[in-house]
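Chain residues, written in single-letter form:
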Amino acid sequence: TPRVFSGIQPSGGLTLGNYLGAIKRFVDMQGEEFETVYCMVDLHAITAKFLEPETLRKNTRELCAGFIASGIDPEKSILINQSQVPEHAQLGWIFNCVARMGWMQRMTQFKDKAGKNAQNQSLGLFAYPALMAADILIYHATHVPVGEDQKQHVELTRDIAAKFNHDYGVDFFPMAEPVIEGAATRVMSLRDGSKKMSKSDPSDASRINMTDDADAIAKKIRKAKTDPDALPSEAKGLEERPEARNLVNIYAALSEQSVDQVLTEVGGKQFGEFKPMLAELAVDKLAPISSEMARLMNEQDEIDRILTRGAERAREITAPILRQTYDIVGMVPPV
Ligand code: TYM
């Protein structure tokens, strides 16, 4: 069975972007067709700004609760925290020595995050896509469900696999494919249709957090930036209307319809009418998840046990692949 791997950083709360672009897709891929591994990437979460240790621990457990509350079943999927499976970081080092400086310098996410201040960023932030490649390839995973913004990193993963295979004359690491599908592969800020919805945006009104209550969700949608026109009756009519398109995409993803199906229903309506529909749908879909998250957060021991068990299952896959990698590279094995 082909293997799926994906991860999310516990660097802050979950947003609707994470949910629609990633977690909801993770849930869809659970089943007979794939073996699924989903990960809280705590080692990635310390690459950017300093996090208080207690905050990181809380975020990681909350993210785990978010995965489970959204429908990730820790029996069907292997659910792990990155640092508990040490082979990720071990393969990450090997990949630091395979990836080229020039490749990393081309990563648009690094350029965006570092801005004009690249000299003051951590070395980890620069190297992070090589660790991400290790996350994927330590499972020989071939399918990587992600939002649009991670596409370049999955492509880099292929470059790293190809160079490793070529340098050592092996056919060891597979070529991983990004799986970027559905109506919400890039959820935009509610305040600015040209910016991605992000947990690091200083404006809380720009995003819907998975922990927002019904009132907060309704208020943020009511205040979301829009244009004055009515909704078009087909997707083409959204091309030059980023804010309108974003709200329709969110509606489509939450209701599991295509954008055209949604527009057949709401084409011709004004935002004054559409926004309350969207708010009601969002509250309907998100409220059960946030209340289940809150319940699970009171069961911290249970969460920690799930992660420990996940790591045990994961290491049955990752330990042999690391051993083979070390052997290919020429490390003397322990006797
Ligand atoms: P992260 O934590 O920034 O985001 C987690 C996932 O959510 C998606 N996403 C979005 N999708 C649609 N619209 C948005 N506004 C939006 N914001 C975030 C991201 O595309 C991602 O799929 N480097 C990764 C984590 C990672 C990883 C991996 C992913 C580490 N190792 C291996 C896949 C495979 C990251 O920082 O994602």
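Keep in mind the model is a prediction, meaning the values are calculated, not measured.

1. Regarding the overall build of the protein
Then, number 1: Along the backbone of the protein there are 13 helices and five strands.
Then, number 2: Relative to its length of 335 residues, the protein is compact, with a C-alpha radius of gyration of 21 Å against a globular reference of 20 Å.
Then, number 3: In terms of overall dimensions, the protein has a C-alpha envelope of 70 × 45 × 40 Å along the principal axes.
Then, number 4: The buried share of the protein, reckoned over its 335 residues, is 42%.
Then, number 5: Of the contacts formed within the protein by residues at least 6 apart in sequence, a portion of 77% connects residues at least 24 apart.

2. Looking at the site of the ligand
Then, number 1: Around the ligand, 26 residues are found, and the nearest of them are G7, Q9, G17, G21 and G147.
Then, number 2: For the shell around the ligand, the secondary-structure elements that each account for two or more residues are β1 (3-8), α1 (16-29) and α7 (123-137).
Then, number 3: Here the shell around the ligand is composed, by residue class, of eleven nonpolar, eleven polar and four charged.

3. Points about α7
Along an α-helix, residues three or four apart share an orientation, since each turn contains 3.6 residues.
Then, number 1: For α7, with 15 residues, the first-to-last C-alpha span of 22 Å sits near the 21 Å given by 1.5 Å per residue.
Then, number 2: At P129, α7 is bent by approximately 40°, the largest bend along its length.
Then, number 3: Residues of α7 that are buried: Y128, P129, A130, L131, M132, A133, A134, D135, I136 and L137.

4. Observations concerning the nonpolar core
Then, number 1: Counting 88 residues, the largest nonpolar core has V37, C64, F95, A133, I136, I160 and I250 as its most contacted members.
Then, number 2: In this structure, I160 is in contact with F95, V98, A99, A130 and A133, ignoring residues within four places of it in sequence.

5. Let's talk about the domain arrangement of the protein
Then, number 1: On domain assignment, one finds that the protein holds domain 1 (3-179 + 299-329) and domain 2 (204-295).
Then, number 2: Taken over C-alpha atoms, the centre of domain 1 sits 30 Å from the centre of domain 2.
Then, number 3: Between domain 1 and domain 2, the contact holds eleven residues from the first and ten residues from the second.
Then, number 4: Contributing elements (two or more residues each) for the side of domain 1 that touches domain 2: α1 and α3 (53-70).
Then, number 5: Among the elements that make up the side of domain 1 that touches domain 2, the one with the highest residue count is α3 (five residues).
Then, number 6: For the side of domain 1 that touches domain 2, the per-class residue count stands at six nonpolar, four polar and one charged.

6. Regarding the UniProt feature "short sequence motif: 'HIGH' region" (unreviewed entry) in the protein
Then, number 1: Within this structure's numbering, the places UniProt gives as "short sequence motif: 'HIGH' region" (unreviewed entry) are residues 10-18.
Then, number 2: The span residues 10-18 is 33% helix and 0% strand, and its two end C-alpha atoms sit 11 Å from each other.

7. Observations concerning the pairing of strand β3 (residues 77-81)
Looking along a regular strand, one sees side chains alternate from face to face of the sheet.
Then, number 1: Within β3, five of the five residues are buried, which leaves it mostly tucked inside the rest of the structure.
Then, number 2: Pairing of strand β2 (residues 35-40) with β3, which is carried by five bridges, proceeds in the parallel orientation. Following the sheet pairing, C39 is matched in β3 by I80.

Definitions and cut-offs
Residues numbered from 1 in each chain as written. Predicted model: local features only at pLDDT ≥ 70, side-chain atom pairs only at ≥ 80, totals over all residues. Helix = DSSP H or I, 4+ residues; strand = E, 2+ residues; numbered from the N terminus. Rg over C-alpha atoms; globule rule 2.2 N^0.38 Å. Buried ≥ 20, exposed ≤ 12 C-beta atoms within 10 Å, placed from the backbone. Contact = placed C-beta atoms within 7 Å. Near = placed C-beta within 6 Å. Nonpolar A, V, L, I, M, F, W, Y, C, P; charged D, E, K, R; others polar. Expected span 1.5 Å × (residues − 1). Bend = angle between axes of the 7 residues up to and from the residue. Core = buried A, V, L, I, M, F, W, Y, C linked by C-beta atoms within 7 Å. Domains from an automatic or database assignment. UniProt positions renumbered as here; feature names shortened; annotations may be inferred. Pairing = 2+ DSSP bridges.

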